[in-house]
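Descriptive analysis of the structure
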Amino acid sequence: MAILVTGGAGYIGSHTCVELLNAGYEVVVCDNYCNSVPEVLERIKQITNKNIAGYDCDIRNRAGLEKIFSENSIEAVIHFAGLKAVGESTREPIMYYDNNISGTVTLLDVMKEYNCKSIVFSSSATVYGNNPIPYEETMVTGDVSNPYGRTKHFIEQILGDVYVSDNEWSISLLRYFNPIGAHESGLIGEDPNGIPNNLMPYISRVAIGKLPQLTVFGGDYDTKDGTCIRDYIHVVDLAKAHLCALNKLKSDPHSIDAYNIGTGIGYSVLDIINAFEDATGQKVNYKIGERRAGDLPAFYANPKKANEVLGWHAERNLHDMCEDTWRFQKNNPNGYKKD
Ligand code: NAD
Ligand code: UFG
C-alpha cells in the first residue's frame, strides 16, 4: 500500500516525502511541476536511498489520476497540490478557484471511485482571519480577505460535506503556520520562482547577494518592535506532523479534525533577521518600508490539540530554521536550476 502525495515535488511536499520514505511508506507523487522541478524527486531518492514513483500529472486531469490509482494501491492521500501566492490570487481568482478547488474536487471524486477515503489536506492559518490570538481550532473560520485563503476555507467546507455524506471517509485538516527552513542535508529546500513573496526566502537571497535589500513591510504595528509577528515552524517538523496525522486517521476511521501545526511562539520580522544573522554570520541589508496590504499585525497558533491528540511536537528552534535555510541557499545558489 502506498501514500499518494499530490504536490510532492514542492517545498513542504518534498520534505514530507522524505519523512514518509524514512518511516517505511511507499510513496507516489503526482505533480504538474508548475512550481517545482522533477529534479526534486532525484534529491529525495539521494537523501533516503529509497525509490519514489513520480507522475507528471495535473490534479484536474481525471484520466491522469485514474491511471495513478489503477497502477498503485493507494491507501491514503496527502494533498499539497495548489497555488499559494496571496497577491497573485487577487489578480487571478479564477485560476486559483480552478486549480485549487476544481483540482481538489476531481481528486476526491477519483479517490471515491477507487475506494480510497483517507486524506490529509494542507490548509492554512489564513482561514482564521481576524480571530483573536492565539488561534484555536474551535474558532469560527472563513473571514478571509483574499481568493487564495478562500480556496482553503472552501475546501475545508467541501471536505466537511464529504465526511458527512459517507461514513468511510477520514479527513485531517492541517492548518499550517509559517514554514521555513530546509532539510539538514542541504539537498532540498524552498526555491520560489522569481522574486520571493515570503520573508525567509527573501532574506536568504539578500544574504547570498542575489537581491540587494529586504524591505520590512511596516515598522509601526502595535507589536513589541513595530514589525509583524508570525509563528515560524521548521518545515521538517511540519512534514513530521503529516505522519502523525496519517497514524491518527488509521486509528480513527470516520473522523474529521482540524489541527494547528505551529510552534505557538510568535517572532517579529526583526527577530527573524537577527536570528538569521546570528545563525549564519551573514549581514542582511534591510530597510523599514510601507505596510503590505492585507497583512495582519500578529498571529500564532495554540498547538495544544496537535500536541495532545496527534502526539506531535515541534522540535526545531529558530536557530535551526535559519541555519538549515542558509545551508540549502549556499549549496544551491541558483536553487534547483543547474549552476
Ligand atoms: P509549493 O508551490 O512549493 O508546492 C505545491 C506543489 O503543487 C508544487 O510542486 C506545484 O508544482 C504543485 N501543483 C500546484 N498545482 C497543481 C496541480 N493542479 N496539479 C498537480 N500539481 C500541482 O508550495 P508549498 O509551500 O509546498 O505548499 C504546499 C501546500 O501547503 C499548498 O497547498 C499551500 O497552499 C499550503 N500551505 C503553504 C504554506 C506556506 O507558507 N508555504 C502555508 C499554508 C499552507
Ligand atoms: N515580510 C516582509 N518583507 C518581505 C516579505 C515578508 O517584511 O519581503 C513580512 C510580512 O509583512 C509578514 C512576515 O514577513 O509580516 C511574513 O510574511 P510571509 O509573506 O513570509 O508570510 P505571511 O504570514 O504573510 O503568509 C503566510 C503564508 C500564506 C498564508 C498566510 C496566512 O505564506 O500562504 O501566512 O496564513 F496565507
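Everything numeric here is computed off the predicted structure, so don't read it as measured data. (Residues numbered from 1 in each chain as written. Chains lettered and ligands numbered in written order. Predicted model: local features only at pLDDT ≥ 70, side-chain atom pairs only at ≥ 80, totals over all residues. Heavy atoms only, no water.)

Things to note about the site of ligand 1
If you check the shell around ligand 1, you find 27 residues, and the closest are Asp 31, Asn 35, Ser 36, Phe 80 and Tyr 148. The backbone of Tyr 11 places a nitrogen or oxygen atom 2.8 Å from an oxygen atom of ligand 1. At a separation of 2.8 Å, an oxygen atom of ligand 1 approaches a polar backbone atom of Ile 12. Relative to its unbound accessible surface of 820 Å², ligand 1 loses 95% to contact with the protein. For the shell around ligand 1, the secondary-structure elements that each account for two or more residues are helix H1 (11–22), strand E5 (118–124) and helix H6 (147–165). At 3 residues, the largest contribution of residues to the shell around ligand 1 is made by E5. Among the residues forming the shell around ligand 1, the class breakdown is 13 nonpolar, 10 polar and 4 charged. (Near = heavy atom within 4 Å. Polar contact = N/O pair within 3.5 Å; in protein donor to acceptor, adjacent residues only side chain to side chain. Areas by Shrake-Rupley, 256 points an atom, 1.4 Å probe, with all protein chains shown as cover. Helix = DSSP H or I, 4+ residues; strand = E, 2+ residues; numbered from the N terminus. Nonpolar A, V, L, I, M, F, W, Y, C, P; charged D, E, K, R; others polar.)

Notes on the sheet that holds strand E3 (residues 53–56)
Read across the sheet, 7 strands follow the order E3-E2-E1-E4-E5-E6-E11 without closing on themselves; strand pairing throughout is parallel. Each having just a single partner strand, E3 and strand E11 (256–261) make up the two edges of the open sheet. Recorded for the sheet is a direction-independent mean angle of 20 degrees between the axes of neighbouring strands. Sheet strands touched by helix H3 (residues 62–71): strand E1 (2–6), strand E2 (26–31), E3 and strand E4 (74–79). Its angle to E2, the strand with the most contacts, is close to 170 degrees. (Pairing = 2+ DSSP bridges. Axes fitted to C-alpha atoms, helices over the stretch in contact; angles between N-to-C directions. Contact = heavy atoms within 4.5 Å.)

Re the pattern of salt bridges
Taken as a whole, this structure holds 25 salt bridges when the rule is applied. Here Asp 58 ties to Arg 60 by a salt bridge, and the two come within 2.7 Å at their closest N and O atoms. We classify Asp 58 as buried; its relative accessible area is 18%. A salt bridge links Glu 308 to Lys 304; the nearest nitrogen and oxygen atoms lie 3.7 Å apart. Of this pair, Glu 308 and Lys 304 both sit in helix H10 (residues 304–310), separated by 4 residues, roughly a single helical turn. Its relative accessible area of 58% is what places Glu 308 among the exposed residues. For Lys 304, a relative accessible area of 47% gives the class partly exposed. Connected through salt bridges with shared partners, the residues Arg 62, Glu 66, Asp 109 and Glu 113 form a single ionic network. (Salt bridge = Lys/Arg side-chain N within 4 Å of Asp/Glu carboxyl O. Buried < 20%, exposed > 50% of the residue type's maximum accessible area, 1.4 Å probe, protein only.)

Some details on helix H2 (residues 39–48)
Taken residue by residue, H2 has Val 40, Leu 41, Arg 43, Ile 44 and Thr 48 as its buried positions. Looking straight down H2, one finds its buried side chains confined to an arc of 155 degrees; they lie on one side. Immediately downstream of H2, the backbone of Asn 49 shows phi near 60 degrees, a positive value. (Arc of directions from axis to C-beta.)

Looking at the pairing of E3
With 4 bridges joining them, E2 and E3 adopt parallel strand pairing. Bridging across to E3, Val 28 finds its partner in Ala 53. Crossover connection from E2 via H2 to parallel E3: handedness right-handed. (Right-handed = clockwise from strand over helix to strand, strands pointing away.)

A word on the packing of aromatic side chains
Here the structure, examined in full by the defined rule, presents 8 aromatic pairs. Here the aromatic rings of Tyr 128 and Tyr 135 are separated by 4.6 Å at their centres, their planes lie at 25 degrees, and the arrangement is stacked. Given a relative accessible area of 0%, Tyr 128 falls into the buried group. Taking 5.5 Å as the distance between ring centres and 20 degrees as the angle between the ring planes, the aromatic pair formed by Tyr 135 and Phe 299 counts as stacked. Separated by 164 residues along the polypeptide, Tyr 135 in the loop between E5 and H6 and Phe 299 in the loop between strand E13 (286–289) and H10 bring together distant segments of the chain. Here Phe 299 falls in the buried class, since its relative accessible area comes to 12%. Ring-pair connections join several aromatic residues into one group, and the members of that group are Tyr 128, Tyr 135, Phe 177 and Phe 299. The ring of Tyr 221 has Arg 291 sitting right over it, with the charged end atom 4.0 Å from the ring centre. Over the ring of Tyr 259 we find Lys 305, and its NZ or CZ is 4.9 Å from the ring centre. (Phe/Tyr/Trp six-rings, centres within 6.5 Å; stacked < 30°, edge-to-face > 60°. Lys NZ or Arg CZ within 6 Å of the ring centre and 35° of its normal.)

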